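Chains, contacts and geometry: an overview
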Amino acid sequence: MAKVRPLADRVLVRRIEAEEKTAGGIVLPDTAKEKPKEGEIVAVGEGKLLDSGSRSELQVKVGDRVLFTSYAGTEVKIDGEEFLIMREEDILAVRQ
Amino acid sequence: MAKVRPLADRVLVRRIEAEEKTAGGIVLPDTAKEKPKEGEIVAVGEGKLLDSGSRSELQVKVGDRVLFTSYAGTEVKIDGEEFLIMREEDILAVRQ
Amino acid sequence: MAKVRPLADRVLVRRIEAEEKTAGGIVLPDTAKEKPKEGEIVAVGEGKLLDSGSRSELQVKVGDRVLFTSYAGTEVKIDGEEFLIMREEDILAVRQ
Amino acid sequence: MAKVRPLADRVLVRRIEAEEKTAGGIVLPDTAKEKPKEGEIVAVGEGKLLDSGSRSELQVKVGDRVLFTSYAGTEVKIDGEEFLIMREEDILAVRQ
Amino acid sequence: MAKVRPLADRVLVRRIEAEEKTAGGIVLPDTAKEKPKEGEIVAVGEGKLLDSGSRSELQVKVGDRVLFTSYAGTEVKIDGEEFLIMREEDILAVRQ
Amino acid sequence: MAKVRPLADRVLVRRIEAEEKTAGGIVLPDTAKEKPKEGEIVAVGEGKLLDSGSRSELQVKVGDRVLFTSYAGTEVKIDGEEFLIMREEDILAVRQ
Amino acid sequence: MAKVRPLADRVLVRRIEAEEKTAGGIVLPDTAKEKPKEGEIVAVGEGKLLDSGSRSELQVKVGDRVLFTSYAGTEVKIDGEEFLIMREEDILAVRQ
C-alpha cells in the first residue's frame, strides 16, 4: 500500500487513535510525563549506515504495531491519509 | 507476561513502590541529591547496535530488580498497569 | 541537464510546486508540525566519506521524487532556474 | 557484602569521612577549587562496552581507596548505610 | 601560482564576482535563504585524516569552479590579491 | 614518593611556583590571554582507553617538567603538600 | 633552539609581526572577517592519537611559515621571548 520508501533508518507509520487502543488493552497514562503514541508500520527503510559501509537491518517490519515518543516524526499526507515518517530510534517498543 | 518488546537497548520496567523496598532492605536516602528508583525488569530489547552491525547483549534480564535514575523512562500503561520503558544506560545497578 | 556536481552526500533537487503534487496524490497536511517539501533529484554526489576512506553509495538517484524537510538545502540558480543543494540526510523518503 | 551489582563502568563506593582521612595522611585543601572526595570501592561493574562488543576491565577493584570528584555519583541506601554509585570516569586516583 | 599550501581538508579559493557569474549562467537567487558564493580552487590540502591514519583524497582539484556557503572560509591576502581558505566541507558543488 | 595512582590518562602534578621558573628561563607573559602554569609530573596513569580495548601510553613520565593550562586539574593534599590531578590532554608541552 | 616539546598534535610557534609580512608578500586584509596570523614553527609534537593507538605525523615541520587563526594558541615566554603553543588544527596553511 505504501507509496513512499523511507530512507535509511526511517519508517512510515500510520497513527492509531485512542479509541482503537482501548480495545487492544494498551492505554497511555494521564500524567505529566512524556507519553508515547501508538501506530502501525507501513514501510521501512534499508537501515542505518554503519561505519563499514553496510546497513543494519531494522528491528521493526511492515505490520508491526509500535509505541513511539510523542514528538517523533514528520507528518505527510498520501492519497488524503496522514502518516508519520520517523527514525527507528524514536520507536520505543513493538506490541506482541 | 510482557505484551510489548522493547527495541534496541531498551527495557520494560515495573516500578516497585517504597513499601516493598523497606522489606527488601534497600531504602533511598532523603537528601537533595538525585535519588534512584527501583523496579523489576519485565522485558528486554535485543541490545545496542554496534559499529560492526551486531548487537551487544544487555546486562540485565527479565526478573532482575534494578535501581535506575529517577528521570529515566517513558511511562506506558498495559492492561491497566503502568510500566516504564527506559534505556539500559539509565539503570545503575542490579540487586543481588 | 545538471550543470553542477554536488559534493559528498549532497544532492541537487528541483523543487516541485503544490499544484503538481495534488495530481500525484501526495498532499502535505496543514498543521503546526514541520511539513516536508517535495522535489526531483537532478544530480547526486559520490557519497558520504566512511572511516575506511571509501564512500557509501547514495540511496537516491537522478529522477527520484523525494520528500525532504522544509528547512533543508541551500538555494542556487542555474540558467535562471532555482534548485536546492541538500544532504541526503535531509531526505525523508522517495515516492514510488 | 555488596548487595547490588553496578552496571557497565559503574562502581559502588562507601564514602570515607574527613576524620579517617587525617589519619591516612591525605587531606583535601580548603580553596575555591573543586575538591575530590574519598571512598572505598565496594563493588564494580563488568566494564565499559567497547565498539568491538567486548568490555574493558575496570582499573579499580573491590577494596581500593579512591579519590573522586565531589559531584560524582548517585546516593543509595543499602541496609541503612549510604553508598554512592558512580562511573569509573569520575574516579581520579587510587591510594597506594 | 599558489604561494600557500592549505592543511588537511582545506582549500584555497579565489572568489569569483557576480559579473563573471552572469556570463557563466549561474546566478544566485535573491531570497531570504542562505546564498552560496562562487570561486575557483587555487590550491588543495592533502585530505582529511582518517581513523586509519591515512588521508582521504579531496573531491575538488585546482581549477575547479565551486559553489560554497557564504559564511565559509578565512580571508587572506597574497601578493595583494584576496583569497579564502576553507574546508572542503563548506563546498556544496562543482560546476561542470 | 607518590601515594596515589592516577587513573586512565590522568597525571599527578606538583605545581612549580613563579620564583623557580625565573631561574629556569621560562616566564609566563603578563597579558589578557590564558596563561599556562608549570609543574612536575609525580605519577602517571596507565593511559587512555582505546576503542580496541588497549591503552595508549602517556607522552609524559615521572620527573617531566610540564606546562599546562591554568584551569587544569583538581587539587588534592597528600601528607600536607598540594598536588593537582589532571588529564594529559591539559598538558601543553614538556620542558627539555 | 626550542626548549619545550609540544604534546600530541600541538606545535610551538614564533609569531611574525606585520612589518616582516609586507616584505614576504602576504598581507592580511582589513575587513570584519576573522583574520589569520602568521608565524614560524619552532617545535612540533608527535602527532594526534589515532583509534589504533598509533599517532598521525604532523603536516608541518620546524621552519615552516604558517597562517593560523587569530584566536589560536596559548602564549608562553621562553628566555624572554614570546611563543604560542597551538594545535595543528588551528593552522590554515603553510607558505611555500
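Being a predicted model, the structure only gives us computed values, none of them experimental.

Thresholds applied
- Residues numbered from 1 in each chain as written.
- Chains lettered and ligands numbered in written order.
- Predicted model: local features only at pLDDT ≥ 70, side-chain atom pairs only at ≥ 80, totals over all residues.
- Heavy atoms only, no water.
- Helix = DSSP H or I, 4+ residues; strand = E, 2+ residues; numbered from the N terminus.
- Buried < 20%, exposed > 50% of the residue type's maximum accessible area, 1.4 Å probe, protein only.
- Contact = heavy atoms within 4.5 Å.
- Patch = residues over 30% accessible without salt bridge, like charges linked within 9 Å, V, L, I, M, F, W, Y side chains within 5 Å.
- Areas by Shrake-Rupley, 256 points an atom, 1.4 Å probe, with all protein chains shown as cover.
- Salt bridge = Lys/Arg side-chain N within 4 Å of Asp/Glu carboxyl O.
- Lys, Arg positive; Asp, Glu negative; His and termini not counted.
- Charge placed at Lys NZ, Arg CZ, Asp CG, Glu CD.
- Polar contact = N/O pair within 3.5 Å; in protein donor to acceptor, adjacent residues only side chain to side chain.
- Buried area = accessible area lost by both parts, 1.4 Å probe.
- Nonpolar A, V, L, I, M, F, W, Y, C, P; charged D, E, K, R; others polar.
- Pairing = 2+ DSSP bridges.
- 1 Å grid on protein atoms, 1.4 Å probe; cavity = no way out; pocket = protein on both sides within 12 Å on 5 of 7 lines; lining within 4 Å.
- Points joined across faces, edges and corners; volume = space filled by probe spheres on them.
- Least-squares fit on C-alpha atoms with pLDDT ≥ 70 in both.
- pLDDT = per-residue confidence, 0-100.

Moving on to the overall build of chain A. For chain A, the count of helices and strands is one helix and ten strands. Counting helices and strands in the order they occur from the N terminus, chain A gives β-β-α-β-β-β-β-β-β-β-β. Looking at chain A as a whole, 51% of its 96 residues are labelled buried. Sequence separation of at least 24 residues holds for 66% of the intrachain contacts in chain A that already meet a minimum separation of 6.

Take a negative patch on the surface next. Taken together, the side chains of Asp51 of chain A, Asp51 of chain B, Asp51 of chain C, Asp51 of chain D, Asp51 of chain E, Asp51 of chain F together with Asp51 of chain G present a region of like negative charge at the surface. One can find Asp51 of chain C in the loop between strand 5 (48-49) and strand 6 (55-56). Judged by its relative accessible area of 34%, Asp51 of chain C falls in the partly exposed class.

By secondary structure assignment, the location of Asp64 of chain D is in the loop between strand 6 (55-56) and strand 7 (65-68). Here the side chain of Asp64 of chain D touches Lys61 of chain D through a polar contact of 3.0 Å, landing on its backbone nitrogen. Setting aside anything within four residues of it in sequence, one finds Asp64 of chain D in contact with Gly39, Glu40, Ile41, Gln59 and Val94 of chain D together with Arg5 of chain F.

For the rest of this paragraph, the subject is the interface of chain A and chain C. Each partner contributes to the interface: chain A provides 31 residues, whereas chain C provides 25 residues. Buried surface at the junction of chain A and chain C, summed over both partners, amounts to about 2,200 Å²; 51% is from carbon and sulfur atoms. For chain A, the biggest contributors to the area lost against chain C are Arg5, Leu7 and Glu75 of chain A; these three give 28% of the whole. Run the count over chain A and chain C and you get eight residue pairs in polar contact (both at pLDDT 80 or more). Of all the secondary structure elements, the ones that give two or more residues to the side of chain A that touches chain C are strand 1 (4-6), strand 2 (10-15), strand 8 (74-78) and strand 9 (81-87) of chain A. Sort the elements by how many residues they give to the side of chain A that touches chain C and strand 8 of chain A lands first, with five residues. Grouping the amino acids of the side of chain A that touches chain C by side-chain chemistry returns 13 nonpolar, six polar and twelve charged. Examined bridge by bridge, strand 1 of chain A and strand 10 (residues 91-95) of chain C share three bridges and lie antiparallel to one another.

Note on pairing: side chains with opposite charge can pair once their charged atoms come close. Using the criterion set out here, one finds 57 salt bridges over all chains in the structure. For Asp64 of chain A, the salt bridge is made with Lys61 of chain A, and the minimal N-O distance between the two is 3.1 Å. Asp64 of chain A gets classed as buried once you look at its relative accessible area, which sits at 8%. Within this structure, Asp9 and Arg87 of chain A together with Glu89 of chain C form a network of salt bridges that share partners.

Moving on to the layout of surface pockets. Empty space within the largest pocket amounts to approximately 890 Å³. Lining the largest pocket are 40 residues, with Leu49 of chain C together with Asp9, Lys48, Leu49 and Leu50 of chain E sitting closest to its centre. Looking at the lining of the largest pocket, the elements that each hand over two or more residues are strand 5 of chain C, strand 5 (48-49) and strand 6 (55-56) of chain E together with strand 5 (48-49) of chain G. Residue composition of the lining of the largest pocket, by class: 16 nonpolar, four polar and 20 charged.

This paragraph deals with the interface of chain D and chain B. Of the residues lining the interface, 31 residues belong to chain D; the matching set on chain B comes to 25 residues. Of the roughly 2,200 Å² buried at the junction of chain D and chain B (both faces included), carbon and sulfur atoms supply 51%. The three residues of chain D that bury the most area against chain B are Arg5, Leu7 and Glu75 of chain D, which together make up 28% of that side's buried surface. Counting across the interface, chain D meets chain B through one salt bridge. The partner of Arg87 of chain D in a salt bridge is Glu89 of chain B, with the nearest N and O atoms 2.5 Å apart. In this assembly, chain D and chain B are joined by eight residue pairs in polar contact (both at pLDDT 80 or more).

Overlaying chain D on chain B yields an RMSD of 0.0 Å, the required transformation being a rotation through 52° with an accompanying axial translation of 0.1 Å. When you check the interface residues of chain D against chain B, a mere 6% turn up at the interface there too, and the two sides of the contact use different surfaces.

Moving on, we get to the pairing of strand 4 (residues 37-44) of chain A. Residue and element names in this part refer to chain A. Pairing between strand 2 and strand 4: five bridges, direction antiparallel. Along strand 4, the bridge assignment pairs Val13 with Ile41. Bridge count for strand 4 against strand 7 (residues 65-68) is four bridges, and the pairing is antiparallel. Residue Lys37 lies in a different strand from strand 7, and its bridge partner there is Phe68.

The transform that puts chain A on chain C rotates by 51° and translates by 0.1 Å along the axis, for an RMSD of 0.0 Å. The two copies present different faces, since only 6% of the interface residues in chain A are matched by interface residues at the equivalent positions in chain C.

With that settled, consider the confidence of the model for chain A. Residues and elements named next belong to chain A. Averaged over all residues, the pLDDT of chain A is 84; the fraction at 70 or higher stands at 79%. Confidence drops under pLDDT 50 across residues 19-23; counting only partners more than four residues distant or on other chains, this segment forms seven contacts. Two summary scores accompany this predicted model of the complex, namely pTM at 0.82 and ipTM at 0.79.

Residues and elements named next belong to chain F. Residues other than glycine seldom take positive phi values, yet Ala8 does so here, at roughly 55°. Mapping Ala8 onto the fold places it in the loop between strand 1 (4-6) and strand 2 (10-15). Look at Ala8 and you get buried, because its relative accessible area is 15%.

What follows deals with the pairing of strand 8 (residues 74-78) of chain E. Residue and element names in this part refer to chain E. Most of strand 8 is tucked away, with four of its five residues classed as buried. As defined by bridge partners, strand 8 adjoins strand 9 (residues 81-87) across five bridges and the pair is classed as antiparallel. Across the sheet, residue Val76 finds its bridge partner in strand 9, namely Phe83. Hairpin connection from strand 8 to strand 9: two residues lie between these consecutive antiparallel strands, with Asp79 at a positive phi of about 50°.

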